[in-house]
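Summary of the model geometry
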Amino acid sequence: MDLKKLAQTLIPDTDLLPLEEYENLYPERDMQKGAEVTRLAPSPTGFIHLGNLYSALADERLAHTTGGIFYLRIEDTDEKRKVEGAVESVIRSLKYFGINFDEGAEIDSPLNKYGPYYQRQRASIYRAFVKDLIEKGLAYPCFCTAEELDVVREEQTANRQITGYWGSYAKCRNLSEEQIYQNIQQGKPFVIRLKSQGNPENKIIFKDAIKGDITVTENDQDVVILKSDGIPTYHFAHAIDDHFMRTTLVIRGEEWLSSLPIHIELFNVLGFKRPKYGHTCSLMKVDNGVKRKLSKRKDPELSLDYYRKAGYYPVAVVKYLMTILNSNFEEWSNKNPQTPYTEFKYSISKMGKSGALFDLDKLNDISKTELSKLSEEEMYNFLNAWVQEFGTEQDKEHFENKQYVCKILALIMGVGGKKRRKDIERAEQGVSLLTYFFDDTFAPEYNFRHDKQTVNTVLSEFAKVYDPTDDNSAWFAKVKAIAPSVGFASEMSEYKANPENFKGNVSDIAEILRIAVTGMANSPDLCTIMGIIGKERTLARLSNAIVK
Ligand code: GLU
């Protein structure tokens with residue numbers, strides 16, 4: 001068969017360069033030894049998830065701790081799945097978590113010399129190489145219809161065989177020259193398939209950068225490399241791109257492991273040196289005692305939007321993912337609580353080989369700890385950014401008074417105290433802790449445990465003596481002084497010695513005052529709260545809480 005003629009008939013494009021020119025166009029990168037070039041290669045589907053962030057973080061760390069490059073490539077070969085604005089959303093979402101690309105799609109960088117970074121814009125490169133494979137007899141046109149392929153699959157399934165286009169099922173592999181041209185003349189649509197040279201009896205030991213040695217069998221599937229719309233499949237496109245973008249290390253999810261034999265063969269037939277591959281383990285969660293993969297359908301926490309809307313502190317999410325990614329990160333982080341995570345020596349050898357368990361409770365703990373390290377002003381800025389994007393109009397109004405909010409935050413966070421409080425877990429919940437400091441969102445329930453007369457006496461007696469200039473001990477002395485008027489013990493020691501002699505003790509008085517002023521039985525220091533909200537408001541709340 002005249003393969004040159006066949007290749008020319010199937011791919012008559014006039015804009016293809018000779019193959020060596022592509023090598024010159026995208027030369028080896030000039031980098032120090034050991035520097036890794038990594039990439040995130042999402043499909044622009046608009047759904048950016050925790051797995052992307054997890055993988056991007058590994059890519060970014062591996063590139064930046066070795067003096068390498070981390071770039072963004074958009075795998076848009078499937079036009080149907082494309083969503084407007086998806087690329088910007090990937091960049092924005094990752095940026096929120098402090099992850100930035102050095103190069104790539106929509107990245108303004110002088111380094112952008114390996115583009116285009118959208119696969120659909122690279123059609124001529126792929127087609128040049130497919131054409132070459134046809135000329136070499138390593139690829140061929142396939143005219144099978146979807147229905148014909150369905151029949152094959154059914155037969156294979158019935159025979160308990162591996163499904164796909166292989167062996168004697170690969171009908172178009174052996175079409176005669178005459179049949180091929182006849183099909184073309186009849187205008188039958190075709191795809192181009194790899195003419196696999198592999199034998200599944202042969203084993204290959206593959207060195208995975210994360211999982212270590214893996215034994216796989218040789219590929220014998222004649223996979224589609226060019227679809228009928230002239231655009232390649234992921235398998236083929238990624239091989240060309242990772243070669244010409246000079247990727248040194250591909251980090252991708254372990255769901256790609258089963259395609260590895262195909263990729264090994266593709267790199268071989270293309271004559272390219274393979275980059276290193278590291279397959280990350282899937283994020284799992286325990287659901288009703290059973291470990292399973294995080295799922296888009298069942299788990300809202302898989303979506304990155306979830307973390308932004310709930311106001312997670314980005315550094316906390318990243319640090320949590322780092323604990324999953326590198327087994328020695330947590331220990332390092334505990335020893336160096338103030339050091340930015342970027343100082344940690346990230347190592348691929350410390351990446352998990354199997355099942356990464358995602359635990360929201362642990363993330364929440366880390367989040368509380370990280371947030372407790374902020375100053376009240378930093379906390380204000382963090383919460384305010386969330387309020388401006390996701391808060392109510394009331395929240396926005398409240399945050400206009402920065403000084404007032406900062407005072408509240410200093411109290412809630414225990415700034416200046418012996419130990420910081422860890423009450424704020426994330427912005428949404430943090431903002432909700434402020435509501436009782438503002439009259440328009442103060443909605444008390446007044447669940448007093450004491451009788452009407454006791455409550456009213458406590459409230460009115462305290463209102464008579466409250467003085468905002470009192471310090472903590474003067475304030476407390478006044479609280480104690482009310483005790484005898486309602487039959488309570490003013491000293492805890494007295495109460496403990498003879499509880500039967502009293503209706504209650506000084507802590508019950510504080511509780512009544514607290515419920516009146518905050519609407520809750522638990523709160524940070526009440527004297528400080530009264531000081532923050534001011535005399536007028538304190539007295540109004542004491543009076544409004546009087547039981548009718
Ligand atoms: N486009 C592929 C995906 O979104 C990328 C896989 C890879 O990183 O090679 O899953």
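Higher on the page you've got the structure.
The secondary structure content of the chain amounts to 23 helices and 15 strands. Relative to the globule expectation of 24 Å for 548 residues, the C-alpha radius of gyration of the chain, 33 Å, shows a markedly less compact shape. Expressed along its principal axes, the backbone C-alpha trace of the chain runs to roughly 110 × 55 × 40 Å. Going through the 548 residues of the chain one by one, you find that 51% of them count as buried. Taking contacts inside the chain between residues at least 6 apart in sequence as the whole, the part at least 24 apart equals 73%. Summing over all exposed atoms, the chain offers an accessible surface of approximately 26500 Å²; the carbon and sulfur share of this is 49%.

All told, the structure shown has 40 salt bridges when counted by the stated rule. Salt-bridge contacts for K373 lead to E370; the nearest nitrogen and oxygen are separated by 2.9 Å. Note on K373: relative accessible area 28%, which makes it partly exposed. Where E461 meets K464, a salt bridge forms, and the shortest distance between an N and an O atom there is 2.9 Å. Of this pair, E461 and K464 both sit in helix α18 (residues 452-465), three residues apart, roughly one helical turn. The partly exposed category is assigned to E461, whose relative accessible area is 27%. Where salt bridges share partners, they join R39, R73, E75, R122, D241 and D242 into one cluster.

As a further point, take the layout of surface pockets. Here the largest pocket is characterised by a volume of approximately 1000 Å³. Looking at the largest pocket, it is lined by 37 residues, and the ones nearest its centre are H49, G51, N52, E255 and W256. Among the secondary structure elements, those contributing two or more residues to the lining of the largest pocket are β1 (37-40), α3 (50-64), α4 (86-96) and β9 (249-253). The greatest single-element share of the lining of the largest pocket, amounting to four residues, is contributed by α3. Tallied by class, the residues present in the lining of the largest pocket amount to 16 nonpolar, twelve polar and nine charged. Quantified by volume, the second largest pocket comes out at close to 350 Å³. Along the walls of the second largest pocket sit 15 residues, with E28, R246, T247, T248 and K273 positioned nearest its centre. Its residues placed into classes, the lining of the second largest pocket shows four nonpolar, four polar and seven charged.

Quick look at the pairing of strand β5 (residues 191-194) now. Regular strands have side chains that alternate between both faces of the sheet. Both faces of β5 are covered, namely the face carrying V191 and R193 and the face carrying I192 and L194. Judged from the four bridges that link them, strand β4 (residues 139-142) and β5 form a sheet pairing that is antiparallel. Paired with A139 across the bridge in β5 is L194.

Helix α19 (residues 472-482) packs onto α18 with a crossing angle of 140° between their chain directions and a minimal axis gap of 10 Å. Considering the angle they form, α18 stands oblique to α19. Relative to α19, α18 is oriented so that their crossing is right-handed. Seen from α18, the contacting residues are V458, E461, F462 and V465; seen from α19, they are W475, K478, V479 and I482.

The full count for this structure, using the stated rule, is 31 aromatic pairs. Pairing W166 with Y169 gives two aromatic rings, centres 5.3 Å apart and planes at 70°, and the pair type is edge-to-face. Take W166: its relative accessible area is 18%, and that puts it in the buried class. A connected cluster of aromatic rings, assembled from ring pairs, spans Y22, Y26, Y114, F129, F244, F267 and F272. Over the ring of Y114 we find R29, and its NZ or CZ is 4.0 Å from the ring centre. The aromatic ring of Y165 is capped on one face by R193, whose charged end is 3.7 Å from the ring centroid.

Attention now moves to the sheet that holds strand β12 (residues 290-293). By definition, the strands of a sheet pair up through backbone hydrogen bonds, in either a parallel or an antiparallel sense. Across the sheet, three strands lie side by side as β12-β11-β13; this open sheet has mixed pairing. The sheet is open, and its two edges are formed by β12 and β13 (356-357), each paired on a single side. Looking at chain direction, strand β11 (residues 283-287) and β12 are connected through four bridges and run antiparallel. Residue pairing for β12: M284 is matched across the bridge by K293.

Taken together, R39, A41, P42, S43, E75, Y234, R252 and W256 are the residues near the ligand. For the ligand, a nitrogen atom lies 2.6 Å from a polar atom in the side chain of E75. In this structure, Y234 approaches the ligand through a side-chain N or O atom, which is 2.4 Å from an oxygen atom. For the ligand, whose free accessible area comes to 300 Å², the fraction covered by protein is 79%. The pocket occupied by the ligand, as judged from atoms lying within 2 Å of grid points, is the largest pocket. Each residue belonging to the shell around the ligand can be placed in one class, and the counts come to four nonpolar, one polar and three charged.

Here we come to unusual backbone geometry. Among all residues save glycine, negative phi is the norm, and among peptide bonds the norm is trans. Omega for the peptide link from G115 to P116 comes to 0°, which places this bond in the cis form. You will see that E106, though not glycine, has its phi angle at about 60°, which is positive. With respect to the helices and strands, E106 occurs in the loop between β3 (103-104) and α5 (123-135).

For the rest of this paragraph, the subject is the environment of F399. Assignment of secondary structure puts F399 in helix α15 (residues 393-400). As for F399 and V387, which are separated by twelve residues in sequence, their C-alpha atoms are 7.9 Å apart. Look past the residues within four positions of F399 in its chain and what remains in contact with it is Y380, L383, N384, V387, V405, V431 and L434.

Conventions we followed
Residues numbered from 1 in each chain as written. Predicted model: local features only at pLDDT ≥ 70, side-chain atom pairs only at ≥ 80, totals over all residues. Heavy atoms only, no water. Helix = DSSP H or I, 4+ residues; strand = E, 2+ residues; numbered from the N terminus. Rg over C-alpha atoms; globule rule 2.2 N^0.38 Å. Buried < 20%, exposed > 50% of the residue type's maximum accessible area, 1.4 Å probe, protein only. Contact = heavy atoms within 4.5 Å. Areas by Shrake-Rupley, 256 points an atom, 1.4 Å probe, with all protein chains shown as cover. Salt bridge = Lys/Arg side-chain N within 4 Å of Asp/Glu carboxyl O. 1 Å grid on protein atoms, 1.4 Å probe; cavity = no way out; pocket = protein on both sides within 12 Å on 5 of 7 lines; lining within 4 Å. Points joined across faces, edges and corners; volume = space filled by probe spheres on them. Nonpolar A, V, L, I, M, F, W, Y, C, P; charged D, E, K, R; others polar. Pairing = 2+ DSSP bridges. Axes fitted to C-alpha atoms, helices over the stretch in contact; angles between N-to-C directions. Parallel < 35°, antiparallel > 145°, perpendicular 65-115°, else oblique. Left-handed = near helix turned anticlockwise from the far one by under 90°. Phe/Tyr/Trp six-rings, centres within 6.5 Å; stacked < 30°, edge-to-face > 60°. Lys NZ or Arg CZ within 6 Å of the ring centre and 35° of its normal. Near = heavy atom within 4 Å. Polar contact = N/O pair within 3.5 Å; in protein donor to acceptor, adjacent residues only side chain to side chain. Sits in = over half its atoms within 2 Å of the grid points.

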